[in-house]
Amino acid sequence: MNRPQGVVSDLDHTLLRDDQSISPQDLAAIKALRAMGIPVVLATGRHHIMCRNIADMVGRDIPIISNNGATIFSFASNEVLRATIMPRHLVEQLWRACQAQGRMWHVFTPDRALLSGDFRRSDYPDQMIGEIVRKSPAMPVESMPPNFAPTSVEAVKFMIPNLPADELPGYLRLVPGANSLAVSYSGKDFIELTMRDATKGTAVDWLVPRLGFRAENALIMGNNGNDVPMLRLAGWPVAVQNAVPEAKAVATFITVDNESSPLAHALAELFPGLLPEMA
């Protein structure tokens with residue numbers, strides 16, 4: 001029977017519905033895949049501490065590629081399996097560039113999510129992070145301490161909300177080490193910076209052989225530009241209907257939108273009869 005050896009899915013605006021839940025059909029599909037011995041991996045730009053409720057939904061033994069590929073985390077053993085740390089001098093350069101331009105910024109370390117300002121306010125300037133946090137009140141994120149020193153942390157990701165694409169070159173010109181960075185947008189005007197060898201694609205390359213399959217034999221599903229590196233590796237690259245054009249361009253199958261059980265639909269269309277209850 002034609003079947004994937006593994007499945008990798010992005011979270012926000014892909015597997016997750018807008019209310020931060022996963023549809024019953026997609027949860028059933030994940031359960032059925034795992035019962036058949038087909039590994040499932042989650043991949044996200046979020047910090048893994050922002051995904052504990054999701055792990056409770058799908059099972060804590062499902063590994064998660066987090067921080068846009070800069071970390072790989074196991075909820076089963078509660079440990080970071082792999083982390084790609086940014087040099088401290090580079091974090092300082094990024095921070096100074098934000099200070100010079102009066103920009104908001106966030107820093108994620110292997111075990112902490114440090115956010116600028118009062119992220120629980122309804123008028124929080126970073127709408128994407130604010131919405132995620134407000135929908136999960138118990139999420140263990142932290143406000144940036146007022147005396148924060150950029151060289152005091154081991155950062156895996158540096159984020160700048162509200163930075164339009166046409167303003168990115170001017171910002172990066174202020175950062176001498178910018179050529180060593182992977183740059184991606186995980187949402188409108190929300191830039192994520194990791195080391196060049198820390199993307200969802202490099203993380204998939206590292207993780208999936210350890211789970212017993214190869215990316216070229218996997219279904220990989222996403223919606224945004226930061227999913228493109230892993231979609232390019234997939235045997236079955238799938239984009240949701242609400243995906244950005246860059247993700248759709250590398251996909252060979254467009255499934256339904258994130259509100260309509262996209263994983264279940266993709267499996268039913270691409271692998272008829274794989275899961276009888278979805279036929």
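What this report covers is the structure whose coordinates are included nearby. (Residues numbered from 1 in each chain as written. Predicted model: local features only at pLDDT ≥ 70, side-chain atom pairs only at ≥ 80, totals over all residues. Heavy atoms only, no water.)

Observations regarding the nonpolar core
In summary, soluble globular proteins display a tendency toward joint burial of nonpolar side chains. Which entries qualify depends on this criterion: Joining through side-chain atoms within 4.5 Å is the link that ties buried Ala, Val, Leu, Ile, Met, Phe, Trp, Tyr and Cys residues into a set, and such a set is a nonpolar core. Relative accessibility thresholds used throughout: buried, under 20% of the residue-type maximum; exposed, over 50%; partly exposed, between the two (1.4 Å probe, protein chains only). Any pair of residues with heavy atoms lying within 4.5 Å of one another is described as a contacting pair.
Within the largest apolar cluster, 52 residues are counted, with the highest numbers of intra-cluster contacts made by Val8, Leu219, Ile220 and Leu267. With residues up to four places along the chain from it excluded, the contact list for Val8 reads Val41, Ala43, Val204, Val208, Phe213, Leu219, Ile220, Met221 and Met230. Among the nonpolar cores identified, the runner-up in size contains 26 residues, and Phe158, Tyr171, Leu181 and Ile191 belong to it.

Some details on the pairing of strand S5 (residues 79-83)
Quick note on the threshold: For two strands to be treated as a pair, DSSP must find no fewer than two bridges joining them. Per the convention used, a helix needs a DSSP run of H or I reaching at least four residues, while a strand needs a run of E reaching at least two, with both numbered from the N terminus.
Across 4 bridges, the pairing between strand S4 (residues 71-74) and S5 is antiparallel. When the sheet's bridge partners are listed, Thr71 is paired in S5 with Ala83. Here S4 folds back onto S5 in antiparallel fashion, the turn holding 4 residues, of which Asn78 has a positive phi close to 55°.

Notes on helix H2 (residues 24-35)
Every α-helix winds through 3.6 residues per turn, so residues three or four apart in the chain are directed the same way. We apply this condition: How far a helix is expected to stretch is found by multiplying one less than its residue total by 1.5 Å. The directions considered for the arc run from the helix axis to the C-beta atoms.
Taking 1.5 Å of rise per residue, 12 residues should cover 16 Å, and H2 covers 16 Å from first to last C-alpha, within 8% of that figure. By the burial criterion, the buried members of H2 are Asp26, Ala29, Ile30, Ala32 and Leu33. Mapping the buried residues of H2 onto a view down its axis gives an arc of 165°, with all of them on the same face. Turned more than 90 degrees away from the buried face of H2, the exposed residues are Pro24, Lys31 and Ala35. Those residues of H2 hidden inside the fold are in contact with strand S1 (6-10), helix H1 (11-15), strand S2 (40-43), helix H3 (52-58) and helix H10 (262-270). Immediately downstream of H2, the backbone of Gly37 shows phi near 85°, a positive value.

So, unusual backbone geometry
In the Ramachandran plot, Asn68 falls in the positive-phi region, its phi being about 60° despite a non-glycine side chain. Residue placement: Asn68 occurs in the loop between strand S3 (64-66) and S4. Phi angles above zero are rare outside glycine, and Asn78 is one such case at about 55°. Looking at the element boundaries, Asn78 is found in the loop between S4 and S5. A relative accessible area of 59% means that Asn78 is categorised as exposed.

Quick notes on the sheet that holds strand S11 (residues 190-195)
Two modes of strand pairing occur in sheets, parallel and antiparallel, and in both the strands are linked by backbone hydrogen bonds. Rule in force here: Convention adopted: a line fitted to C-alpha atoms gives each axis, helices being fitted over their contacting stretch, and angles between N-to-C directions are expressed from 0 to 180 degrees.
Spatial ordering of the open sheet is given by S8-S7-S6-S9-S11-S10, a layout of 6 strands whose pairing is mixed. Each edge of the open sheet is held by one strand with a lone partner, namely strand S8 (142-143) and strand S10 (181-187). The sheet contact formed by strand S6 (residues 106-108) and strand S7 (residues 113-115) spans 2 bridges and is antiparallel. Counterpart to Val107 in the pairing with S7 is Leu114. Along the sheet face, helix H4 (residues 88-101) touches strand S9 (157-161), S10 and S11 and points at about 10° away from the line of S9.

What to know about the environment of Asp18
Using the following cut-off: Whenever two N or O atoms come within 3.5 Å, that pair is a polar contact, provided that in protein one can donate a hydrogen and the other can accept it, and provided that, for residues adjacent in sequence, both atoms are side-chain atoms.
Locating Asp18 in the fold gives a position in the loop between H1 and H2. A relative accessible area of 37% means that Asp18 is categorised as partly exposed. Non-local contacts of Asp18, meaning those with residues more than four positions away in its chain, are made with His13, Glu131, Lys135, Asn258 and Glu259. Side-chain polar atoms of Asp18 contact the side chain of Asn258, separated by 3.1 Å.

Regarding the pairing of S10
When you tally the buried positions in S10, you get 5 out of 7 residues, the bulk of the element. Sheet topology places S10 next to S11; 6 bridges connect them, and they run antiparallel. Along S11, the bridge assignment pairs Leu181 with Met195. Between S10 and S11, which follow one another and run antiparallel, lie 2 residues, and Asp189 among them has a positive phi close to 60°.

Notes on the pattern of salt bridges
The criterion, for reference: When a carboxyl oxygen of Asp or Glu lies within 4 Å of a side-chain nitrogen of Lys or Arg, that pair is called a salt bridge.
For the coordinates displayed, the defined rule picks out 11 salt bridges. Linking Arg103 and Glu167 is a salt bridge whose minimum nitrogen-to-oxygen distance equals 2.5 Å. You can see Arg103 sitting in the loop between H4 and S6 and its partner Glu167 sitting in the loop between S9 and helix H6 (168-172), a full 64 residues away along the chain. On the basis of relative accessibility, which here comes to 17%, the residue Arg103 falls in the buried class. Accessibility expressed as a relative area gives 36% for Glu167, which makes it partly exposed. Put simply, Asp227 and Lys200 hold a salt bridge, and the shortest N to O gap is 2.6 Å. Placement of the pair is Asp227 in the loop between strand S12 (218-222) and helix H8 (228-231) and Lys200 in helix H7 (residues 200-207), with a sequence separation of 27 residues. Lys200 gets classed as buried once you look at its relative accessible area, which sits at 1%. Ionic contacts of the salt-bridge type, sharing partners, join the residues Asp10, Lys200 and Asp227 into one network.

Remember that the coordinates give geometry; whether it matters functionally is a separate question.
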